[in-house]
Amino acid sequence: MKLSRPRPVMLVWAGVLLVVLGVIALSPLDGQRILREAVRTATGGNAAVYALAAIGLNIHFGYTGLLNFGHVGFMLVGAYGLAITVSTLGAPLWAGVLVGLAASLVLALLLGGPTLRLRADYLAIVTIAGAEILRHVTRSGPATDVTGGVFGLTGYARGFDRINPLPGGRYGFWVVDYSARQLWPVLVGWGLVLLASLLVFMLTRSPWGRVLRGIREDEDAVRSIGKNAYSYKMQSLVLGGMLGGIAGMIWVVQLGSIDPDAFLPMVTFFTYTIVILGGPATVVGPVVGAVVFWFVVQGFDTAIREASTSGYVPAFLGGPEAVGALRFLLVGAGLMLLMIYRPEGMFGNRREMQLDVG
Amino acid sequence: MDGEPLQGVRVVVSRDGDRVGTATSGPDGGWRLALPGDGAYEATLDQASLPEGVAVRDAERATLPFTVSSGQQRTLVFSFGDEPAAVSYLRRMAQAAVNGIKFGLIIAMTAIGLSLVYGTTRLVNFAHGDMVTFGAMVALLLNTSGPSLQLIPAGVVAVASGAALGAGMESGLWRPLRRRRTGLIQLLVISIGLAMILRHVILLIMGGRPRPYHDYTVQAPVRLGPVLTTPRDLVVIAVSTVVLVGIGLLLLRTRIGRAMRAVADNRDLAASSGVDVQRVILFVWAMAGALAALGGVLLGVVENVEWLMGFRALLLMFAAVILGGLGTAFGAMAGGIVVGLATEISTIFQPSELKTMWALIAMVVVLLVRPQGILGRRERIG
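Residues numbered from 1 in each chain as written. Chains lettered and ligands numbered in written order. Predicted model: local features only at pLDDT ≥ 70, side-chain atom pairs only at ≥ 80, totals over all residues.

## Let's talk about the overall build of chain A
Of regular secondary structure, chain A possesses 15 helices and 4 strands. Each principal axis of the C-alpha distribution contributes one length, and for chain A these read about 65 × 60 × 40 Å. Out of the 358 residues in chain A, the part that is buried amounts to 48%. (Helix = DSSP H or I, 4+ residues; strand = E, 2+ residues; numbered from the N terminus. Buried ≥ 20, exposed ≤ 12 C-beta atoms within 10 Å, placed from the backbone.)

Structure, rendered in structure tokens:
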């Protein structure tokens, strides 16, 4: 097989971005509004949450080849660990953060214990089932005293607001505009993304990171040189899971209230799309993936709404339910096409993504 | 009481707190009320109107919420008196067992396809649940709109389209991808993308509300020994049993069935023994699609048709397939029935909103102690 020459990847993607912006500008829709909404979402707190979650999932899926389809479960236990400790038990914020981290660690051990010795697809089934069990339990009647059931919990973010160092007033740049209270969790979110990326950068260049890649490529080979593959896979699951837990915590701190039905399996699938879009097993992939993903999804949503109010598409496609469905259709199609034609995403290396179930 | 009808009991029906109407039970203990339109209602039993010595069995169940859409009937049952504890326990157990078998047979039927596809291609197909919803939706569209077909012919068409969908996905997507030597993990993620597409196309077509079929929605219950059931549920049980036995015979006795088991068992060995593996896989996909569609129609009959029904069932199918042993057809059947019984019997001891949890926990326990499943063999789990 002929090896392809390294391409100027950044230039190619900058070109794609220019074409997209040009199409938006030339279309008869309100291009400015679409662009504004898309940029706001792509740089906002939600994108930071997904970037953090994707960094964790990238450790599982990209570096180690673990099929964790219940990543949202880690976000759920992190978020509820925080919210229950602070709101239900009345403990301070730092205790809530510690409980959230501990909860995601325990979940990783519970999910990994029975499955990491088996073939990769068992982990996929058990993690997706585990995340759904957690959601059903948190929203169930008997758990209402602790988790607030379907009504959720509020008030746990006060401690976070209190340590906000930003002076009051408005902060705006280009098309976005935040109050000091809104900007604080967004800044913390992106700050954590930066720290997590640095951590991944250092870890994956260490001998530890090389063992993980080795497990992904050929677990038996790693075992044959005396490494305990099970233990390494468990460490990877714990580390990525705790990053998921942190993402869950910063998510519900931004939202101000927590609700079990925010933690649907779809969150995991969005995160997968982000990891693959950016490029699995790359450091910048999950971050750029999250920004591009939310730029496209939000731009598409706004464009559909605009198009239906101005009569370019039938009105029934413009209702909230239909816009939601179209958004998921777009993501599903994007995920499929990426996986078929460009499994290495924007920045990845294709030879690293020819994965089999070992 | 003791099966005697209660006459002259008042029931108040309200919507959003506003009273819509009042009905009084007749000499047969029944009552009817016409409602002004679609929506969510609550029926409250006026406990003051009950005869001396009669009380509602469960005070929380004196108000029953329900939804209705135009042209539809709803049956509400209030329960009175307390039964002797032992009899009541046995009766509830028997009732849960019958419900569990009904549900388990449907899960078993849909899980066979998931398991055989896995056995022959090593693909864990996350879109299988949405193939279930697809079958239910095709029957719903034919039954309630357009041609207004009766449910049985509508179901037959749905099963045929399910088979076509399965075969179409195999020849249009999975076979070309196998030719390109796409990795199994990639295929798995592709099946998730495909599931998202299918599910949301279904949502666009039929909307987010659960919808019933026109036929067989309201039926007078029949009593079989200790169990209260409906002719509809008995037919569902009978149809599922016949289909499962038929599939079993097909796998054991016919040439194509033996070829399917051979490919699932050892693909290379089957190929070198002269089995046309690609043809067998196509047949497996068509059968998986047909069984998923039939399961969807039956599930729609006993519950409602909803866009998320297949995804919910998928987790139970996974539990069934792992319980029985990934890749084996008979394991999926056994696992499905165990899952059905476990979910329904758990409702006696636990809140019913947690019933799927017990099936999933059973799956995790089996993975811990016997990862190859009840009927699986050790070498499959590598």
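## Here's the deal with the overall build of chain B
A count of helical and extended segments in chain B gives 11 helices and 6 strands. Within chain B, buried positions represent 44% of all 382 residues. Taking all contacts inside chain B whose residues are at least 6 apart in sequence as the whole, residues at least 24 apart take part in 72%. (Contact = placed C-beta atoms within 7 Å.)

## Looking at helix H14 (residues 285–309) of chain A
Residue and element names in this part refer to chain A. Spanning 25 residues, H14 covers 36 Å between terminal C-alpha atoms, matching the ideal 36 Å at 1.5 Å per step. Counting buried residues in H14 gives 18 out of 25 residues, a clear majority hidden from the surface. Positive backbone phi, at 85°, marks Gly311, one or two positions downstream of H14. (Expected span 1.5 Å × (residues − 1).)

## Observations concerning the domain arrangement of chain B
As assigned here, chain B comprises domain 1 (34–82) and domain 2 (90–381). Here the C-alpha centre of domain 2 of chain B lies 35 Å away from the C-alpha centre of domain 1 of chain B. (Domains from an automatic or database assignment.)

## Observations concerning the packing of helix H2 (residues 31–43) of chain A against H14(A)
All names here are of chain A. Following both chains from N to C, one finds H2 and H14 inclined at 145°, their axes separated by 8 Å at the closest point. Where H2 crosses over H14, the two elements pack in a sense that is right-handed. On the side of H2, the interface is formed by Arg33, Ile34, Glu37, Ala38, Val39, Thr41 and Ala42, while H14 contributes Val291, Trp294, Phe295, Gln298, Gly299, Thr302, Ala303 and Glu306. (Axes fitted to C-alpha atoms, helices over the stretch in contact; angles between N-to-C directions. Left-handed = near helix turned anticlockwise from the far one by under 90°.)

## Some remarks on the sheet that holds strand S1 (residues 10–15) of chain B
All names here are of chain B. The sheet built from 4 strands is open, its strands ordered S2-S1-S3-S4 with antiparallel pairing. Among the strands making up the open sheet, the edge pair consists of strand S2 (18–24) and strand S4 (63–68). Between one strand and the next, the sheet's axes are offset by a mean angle of 25°, whatever the strand orientation. Looking at chain direction, S1 and S2 are connected through 6 bridges and run antiparallel. Considered in S2, the bridge of Arg10 is made with Thr24. (Pairing = 2+ DSSP bridges.)

## So, helix H8 (residues 277–302) of chain B
Side chains that are three or four residues apart share a direction in an α-helix, a result of its 3.6 residues per turn. Here H8(B) is 26 residues long and its end C-alpha atoms lie 37 Å apart, about the 38 Å a rise of 1.5 Å per residue gives. Counting buried positions over the 26 residues of H8(B) gives 21, a clear majority of the element.

## With respect to the interface of chain A and chain B
At the junction of the two partners, chain A supplies 39 residues and chain B supplies 36 residues. Every element with two or more residues in the side of chain A that touches chain B is listed here: helix H5 (93–115), helix H6 (120–138), helix H13 (265–278) and helix H15 (320–341) of chain A. Here the element with the most residues in the side of chain A that touches chain B is H15(A); it accounts for 12 residues.

## A look at the nonpolar core
By size, the foremost hydrophobic cluster in this structure holds 216 residues, and its most contacted members are A:Leu52, B:Ala108, B:Ala319, B:Ala320 and B:Met363. Residues contacting B:Met363, with those up to four places away along its chain left out, are A:Ala129, B:Ala319, B:Ile322 and B:Leu323. Counting residues in each nonpolar core, the second largest holds 6 residues, with B:Val11, B:Ala43, B:Leu45 and B:Phe78 among its members. (Core = buried A, V, L, I, M, F, W, Y, C linked by C-beta atoms within 7 Å.)

## Structural notes on the environment of B:Leu151
Structurally, the position occupied by B:Leu151 is in helix H3 (residues 151–179). Excluding residues that lie within four positions of it along the chain, B:Leu151 makes contacts with B:Ala139, B:Asn143, B:Tyr213, B:Asp215 and B:Tyr216.

## As for unusual backbone geometry
Despite not being glycine, A:Ala281 shows a phi value in the positive range, around 60°. Structurally, A:Ala281 is set in the loop between H13 and H14. Judged by the 25 C-beta atoms lying within 10 Å of it, A:Ala281 is buried. The backbone of B:Arg181 sits at a positive phi, close to 60°, despite the residue not being glycine. Residue placement: B:Arg181 occurs in the loop between H3 and helix H4 (184–206).

## Here's the deal with the packing of helix H3 (residues 45–64) of chain A against H13(A)
Residue and element names in this part refer to chain A. The geometry of H3 relative to H13 is characterised by a closest axis approach of 9 Å and an angle of 75° between their N-to-C directions. Classified by the interaxial angle, the pair formed by H3 and H13 is roughly perpendicular. Where H3 approaches H13, its residues Tyr50, Ala53, Ala54, Leu57, Asn58, Phe61 and Gly62 are matched on the opposing element by Phe270, Thr271, Tyr272, Ile274 and Val275. Within the contact of H3 with H13, the residues separate by chemical class into 9 nonpolar, 3 polar and no charged. (Parallel < 35°, antiparallel > 145°, perpendicular 65-115°, else oblique. Nonpolar A, V, L, I, M, F, W, Y, C, P; charged D, E, K, R; others polar.)

## Considering the confidence of the model for chain A
Confidence in the prediction of chain A, expressed as mean pLDDT, is 83, and 94% of residues score 70 or more. Note that residues 1–6 of chain A has pLDDT below 50 and, in this model, 0 contacts with residues that lie over four places away or in other chains. (pLDDT = per-residue confidence, 0-100.)

## Remarks on the pairing of S1(B)
As defined by bridge partners, S1(B) adjoins strand S3 (residues 39–45) of chain B across 4 bridges and the pair is classed as antiparallel. When the bridges of S3(B) are listed, B:Ser14 appears paired with B:Glu42.

## Some points on the environment of B:Ala139
Residues and elements named next belong to chain B. Take Ala139: it is sitting in helix H2 (residues 128–144). With 31 C-beta atoms counted inside 10 Å, the residue Ala139 sits in the buried group. When near neighbours in sequence (up to four residues on either side) are disregarded, Ala139 contacts Leu151, Ala154, Gly155, Ala158, Val297 and Gly300.

## Things to note about the environment of B:Tyr118
Residues and elements named next belong to chain B. Residue placement: Tyr118 occurs in helix H1 (residues 85–121). We classify Tyr118 as buried; it has 23 C-beta atoms within 10 Å. For the pair formed by Tyr118 and Gly327, sequence separation is 209 residues and the distance between their alpha carbons is 5.5 Å. In this structure Tyr118 touches Leu123, Val124, Leu326 and Gly327, once residues within four positions along its chain are discounted.

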